[in-house]
Structure formats: structure tokens, C-alpha cells
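# Structure at a glance
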Amino acid sequence: MRRFAQAFVDVDAFAPGLPDYLALALASAVQRYNIGKGCPAAVLFTTDGEDPTITDMQWGLVPRWSKEPATPYTTVTARLGKAPSSRLFTSAWEHRHCIVPMTGYYKWDRERKLPWPMFVQRQDGLALLAAGLWERWQDEAGQVLDSFTVLTDANPDIPAPLSQDGPVFVSPQVAMDWLSGSINTPAGLKARAHTDALEVHYVSKAVRDLKHDEYTLLEPVSPDEPHPEGTAAWDGDGLDEDED
């Protein structure tokens, strides 16, 4: 998963159980249809035992020990089983859990001769809640950067033809427990993860361009018909790279 969307129409876009004030804040947030590495996204998080809140963070976790507000590693996602022991994510796993709400996410169908992007969403149209980790980087001059990663794991509920691997989705109640830190092991999170029925459809290859950010990216297309963006060879976007 290297792209996702956050475009929540109103508070009814969320399953029951998410606190009303959070649903209202997300419904009022900037609508984004093509969030990629380095882009801002609305994230649910908490600090010092306070109530969960929402802020924009950069996608692609930058560990606090980094000398620069960037990393050469692929940190947009983190494998659930590896994150607690990874130097990149250990501190965040222990202290800084977050939830990343999504309208849906993009993933490439690699079964096709020319791989093509698809959009994954809930069948009922409600938002997906993905478990994640966040980190705060700060330099000596006081520059601050908050960033996040999305936890991933095997997920047999992801429809074919896509590979059955993706974000770790949770219900609103489990999301609150994850934020509170009461879930603190990969096994504990995996046991409580839940994916509501999903559906997928092909979308435009225009999603490759991060400057292209509009609702038309979500519209279904047929990959076997001519398209304005052409049928250029797959550029590798969407590869499941090793984040460690």
C-alpha cells in the first residue's frame, strides 16, 4: 500500500463507536484523494493520557534518532510482527500508537500483464480504521516533525486479484484501546483486528502522480479500454518493499 484516500462526507461515514467529536473533526478535515509518501494525512493520536485528538502528520515515519527530518528507509508501512523489534519503530511501538482513517486505499493488481491500480474500500462505504505508529522528530533548533506509519499483516479478507496482505484494520472500540496502549503485543492486536467486507475496482493510472488529487481518482475504469494517461509500463509504485 503506497497510496490512500481520506475524503469523509459527514459523521455518518464512520461506524458506530467512534467518539462523536472525532467523527466530526474528520468529516471537517481536508479531503485528500491521493496521499503518498511524504504527504500529510489526518491521524488520530493521544499523548500523556489525554483524550484522543486529530492532527495532520507526514506519511513515512521518521525515527526521533534520525539526524535529519527524513529517512532513506521505506517507513510508510511496518510489518506487524517485526515492528516491536525494529530499530525504526521500537520507540513508537512502546509509546506512540495511532489510528489512520481511510476512505480506502490503492493497490496494484500484479496479476495483469500490465499491472493496474485498484481501489479497496468497505462494501458499505464506511471509513476504514488502520492501526499505526507515530513519532515526533525534533532538532536542536526546535524544528518539529510528526510522522506516522501504517501497520500491515496478512489479511485473507482482501478480495482477489489483490495479494492478501494489507493494513491492520480495527473496529472503533479496538481503535480506542489501541490508542490507550492497552493493546501492546502483535498477537494482541492481531487477535482483535477486524476487516469488514471489502470490495475493489480498477481506477485510473493517474494515481501515480501525487499532484493529481481529486475525486475522479476513485471512479471505476476498465483497464482494457483506452485511457488518456495511456498504458505505460508499470513504474513500480505499490511494491511491497521491505521496510526494515
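Values in this document were obtained by computation on a predicted structure and should not be read as measured data.

We now examine helix 1 (residues 20-27). Taken together, the buried positions of helix 1 are Leu22, Ala23, Leu26 and Ala27. One side of helix 1 holds all its buried residues, which, seen down the axis, span an arc of 135°. With respect to the buried face of helix 1, the exposed residues turned more than 90 degrees away are Asp20 and Leu24. Buried residues belonging to helix 1 abut strand 3 (40-45), strand 4 (53-59), strand 6 (97-102) and helix 3 (172-180).

What follows concerns the pattern of salt bridges. Within this structure, the stated rule accounts for eleven salt bridges. One salt bridge connects arginine 122 with aspartate 124, and the closest N-O pair in it is separated by 2.6 Å. By relative accessible area, arginine 122 is classed as buried at 7%. Residue aspartate 153 pairs with lysine 190 through a salt bridge whose shortest N-O separation is 3.4 Å. Of this pair, aspartate 153 sits in strand 10 (residues 144-154) while lysine 190 sits in helix 4 (residues 186-192), and the two are 37 residues apart along the sequence. Connected through salt bridges with shared partners, the residues Arg79, Asp153, Asp165 and Lys190 form a single ionic network.

So, about unusual backbone geometry. Residue proline 161 follows alanine 160 across a cis peptide bond; omega there is 10°. Inspection of the secondary structure puts proline 161 in the loop between strand 10 and strand 11 (165-167).

Quick look at the packing of aromatic side chains now. By the definition in use, this model includes seven aromatic pairs. Ring plane angle 80° and centroid distance 4.9 Å describe the contact between phenylalanine 4 and tryptophan 59, whose orientation is recorded as edge-to-face. With phenylalanine 4 in strand 1 (residues 3-6) and tryptophan 59 in strand 4, the pair connects residues that are 55 residues apart, well separated along the chain. For the pair formed by phenylalanine 4 and tryptophan 59, the shared burial category is buried. With a centroid separation of 4.9 Å and an interplanar angle of 50°, the aromatic rings of phenylalanine 8 and phenylalanine 14 are classed as tilted. An identical accessibility class is assigned to phenylalanine 8 and phenylalanine 14; each is buried. Site record: aromatic cluster; members linked through ring pairs are Phe4, Trp59 and Phe148. If you follow arginine 87 out to its NZ or CZ, it ends over the ring of tryptophan 65, 3.7 Å from the centre.

Among the secondary structure elements, threonine 75 is positioned in the loop between strand 4 and strand 5 (77-79). Here the side chain of threonine 75 touches leucine 61 through a polar contact of 2.8 Å, landing on its backbone oxygen.

What follows deals with the confidence of the model for the chain. Confidence in the prediction for the chain averages 91 pLDDT; 92% of positions are at 70 or higher. Taken as a whole, residues 230-235 scores under 50 in pLDDT and shows 15 contacts with residues more than four places along the chain or in a different chain. Segment residues 237-244 is flagged for pLDDT under 50; beyond a separation of four residues in sequence, or across chains, it makes 28 contacts in the model.

With that settled, the discussion passes to the environment of threonine 185. Relative to the helices and strands, threonine 185 is located in the loop between helix 3 and helix 4. Sequence spacing of threonine 185 and leucine 80 is 105 residues, and the spatial spacing of their C-alpha atoms is 9.2 Å. A distance of 2.9 Å separates the side chain of threonine 185 from the backbone nitrogen of glycine 188, its partner in a polar contact.

As summarised here, the arrangement of the five strands in space is 2-1-7-8-12, forming an open sheet in which the pairing is antiparallel. Every other strand in the sheet has two partners, leaving strand 2 (32-35) and strand 12 (198-202) as the edge strands with one partner each. With direction set aside, neighbouring strand axes in the sheet form an average angle of 25°. The pairing of strand 7 (residues 104-109) with strand 8 (residues 116-122) spans five bridges and is classified as antiparallel. Residue tyrosine 106 lies in a different strand from strand 8, and its bridge partner there is phenylalanine 119.

Analysis parameters
Residues numbered from 1 in each chain as written. Predicted model: local features only at pLDDT ≥ 70, side-chain atom pairs only at ≥ 80, totals over all residues. Heavy atoms only, no water. Buried < 20%, exposed > 50% of the residue type's maximum accessible area, 1.4 Å probe, protein only. Helix = DSSP H or I, 4+ residues; strand = E, 2+ residues; numbered from the N terminus. Arc of directions from axis to C-beta. Contact = heavy atoms within 4.5 Å. Salt bridge = Lys/Arg side-chain N within 4 Å of Asp/Glu carboxyl O. Phe/Tyr/Trp six-rings, centres within 6.5 Å; stacked < 30°, edge-to-face > 60°. Lys NZ or Arg CZ within 6 Å of the ring centre and 35° of its normal. Polar contact = N/O pair within 3.5 Å; in protein donor to acceptor, adjacent residues only side chain to side chain. pLDDT = per-residue confidence, 0-100. Pairing = 2+ DSSP bridges. Axes fitted to C-alpha atoms, helices over the stretch in contact; angles between N-to-C directions.

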